[in-house]
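So you can see what is in the structure, the chains are spelled out below.
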Amino acid sequence: MLARQRQELILREVEQNGGVRVSELVTALGVSDMTVRRDIETLAGKKLVLKVHGGAAAVGERHPDEPGFSVKSEMNPVRKSEIARTAASLIAPGSTIAVSAGTTAYAVADELRPIKRLTVVTNSPRVAELLYDPVRDDQLVVLTGGVRTPSDALAGPVANAMLATMHVETLILGVHGIDLAAGLTTPNLQEAQTNRALIKCAQKIVVVADHSKWGVVGLQTIAMLDQVDTLVTDAELGDDARRAIADLGVHLIVAPRSDLDAQDA
């Protein structure tokens, strides 16, 4: 199979599914891991796909549909773990918080489990299931209603109405993309509205996003960057992006690299 044919197949997979893993392409194409990675590099250089850890994802401007939770969970897993540990360290015992849907927010929720006396409001069934423990009497988990989206968020009028009555200290917010001009964005219109409702009910906004989200623009803006109190990201975020974020007055926290760094190379 010619390189052009391989790349067309990769592009179709990304457009149909929102993303594709290198391991899946190696099997489907019958070529080496290195060949697949070179093809992805070529497509990313033409801005046809977004190169991510372990594969390729749809570029926000090209494809309006959001990749599903299972696809996104394979993207930059080590970086997400680093971010999650750092973000969870900002939450004190006895806090009242909200946690949005999304794989990075889910990783933060996993790190929150040992913290005592938390009240957690979430529009993510996965987060609610992860945090709920019938044996514990020191923790309250509140799950909004709503319509389930491809990223496993509950969104829409039911979720928005419930969140309008909630008041939390801190929101842990995962996003599809971050851009200096467009702000925090998502491809899903209902999710954008519900994320705005989450922002409105919180005193402090903590956005958790790895470096690959920078420069990605989804269909709709959730909020502008200067509305964010803290952005927790990974060490691969470029210097220009760091300066731009700091200039807006956003507290930027870069998560320390983990011992698994070599596996993420």
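From a predicted model like this one, the values you see are computed outputs, not experimental measurements.

Q: Explanation requested: the overall build of the chain in the structure shown.
A: Along its length, the chain carries 10 helices and 15 strands. Computed over C-alpha atoms, the radius of gyration of the chain comes to 18 Å, within 12% of the 18 Å expected from 2.2 N^0.38 for 265 residues, which places it in the range of a compact globule. Taking the principal axes of the C-alpha coordinates as reference, the chain spans close to 60 × 40 × 35 Å. Every one of the 265 residues in the chain was classed for burial, and the buried ones make up 52%. Restricting the contact set of the chain to residue pairs at least 6 apart, pairs at least 24 apart contribute 62%. Put simply, the chain shows about 12200 Å² of open surface, and 52% of that area lies on carbon and sulfur atoms. When the 27 basic and 33 acidic side-chain charges of the chain are each reduced to a single mean position, those positions are 2 Å apart.

Q: Explain the sheet that holds strand E2 (residues 49–52) to me, please; I cannot follow it from the model alone.
A: Pairing between sheet strands relies on hydrogen bonds along the backbone, with the strands arranged either parallel or antiparallel. Read across the sheet, three strands follow the order E1-E3-E2 without closing on themselves; strand pairing throughout is antiparallel. Each having just a single partner strand, strand E1 (19–21) and E2 make up the two edges of the open sheet. Between one strand axis and the next, the sheet turns through 20° on average, direction left out of account. Pairing geometry for E2 and strand E3 (residues 55–58), over four bridges, is antiparallel. Within E3, the residue paired with Val-49 across the bridge is Ala-58.

Q: Where do I start with the pattern of salt bridges in this structure?
A: Note that side chains of opposite charge can pair when their charged atoms are close. Applying the stated rule across the entire model yields 12 salt bridges. Where Arg-4 meets Glu-8, a salt bridge forms, and the shortest distance between an N and an O atom there is 3.2 Å. Of this pair, Arg-4 and Glu-8 both sit in helix H1 (residues 3–17), four residues apart, which is roughly one turn of the helix. Judged by relative accessible area, which is 38%, Glu-8 ranks as partly exposed. Asp-39 is the partner of Arg-6 in a salt bridge, and the nearest nitrogen-oxygen pair spans 2.6 Å. Here Asp-39 lies in helix H3 (residues 33–45) and Arg-6 lies in helix H1, a separation of 33 residues in the sequence. Each member of the pair, Arg-6 together with Asp-39, is buried. The network of salt bridges with common partners includes Arg-79, Glu-82, Asp-234 and Glu-236.

Q: Before we go on, may I ask you to explain the environment of Leu-184 in this structure?
A: Within the secondary structure layout, Leu-184 lies in strand E11 (residues 183–186). Of the residues examined, Leu-184 reaches a relative accessible area of 1% and is grouped as buried. For the pair Leu-184 and Leu-173, spaced 11 residues apart in sequence, the C-alpha to C-alpha distance is 10.0 Å. With near-sequence residues (within four places) excluded, Leu-184 lies in contact with Leu-173, Val-175, Gly-177, Ile-178, Val-207, Gln-220, Thr-221, Ile-222, Ala-223, Leu-225 and Val-228.

The rules behind the values
Residues numbered from 1 in each chain as written. Predicted model: local features only at pLDDT ≥ 70, side-chain atom pairs only at ≥ 80, totals over all residues. Heavy atoms only, no water. Helix = DSSP H or I, 4+ residues; strand = E, 2+ residues; numbered from the N terminus. Rg over C-alpha atoms; globule rule 2.2 N^0.38 Å. Buried < 20%, exposed > 50% of the residue type's maximum accessible area, 1.4 Å probe, protein only. Contact = heavy atoms within 4.5 Å. Areas by Shrake-Rupley, 256 points an atom, 1.4 Å probe, with all protein chains shown as cover. Lys, Arg positive; Asp, Glu negative; His and termini not counted. Charge placed at Lys NZ, Arg CZ, Asp CG, Glu CD. Pairing = 2+ DSSP bridges. Axes fitted to C-alpha atoms, helices over the stretch in contact; angles between N-to-C directions. Salt bridge = Lys/Arg side-chain N within 4 Å of Asp/Glu carboxyl O.

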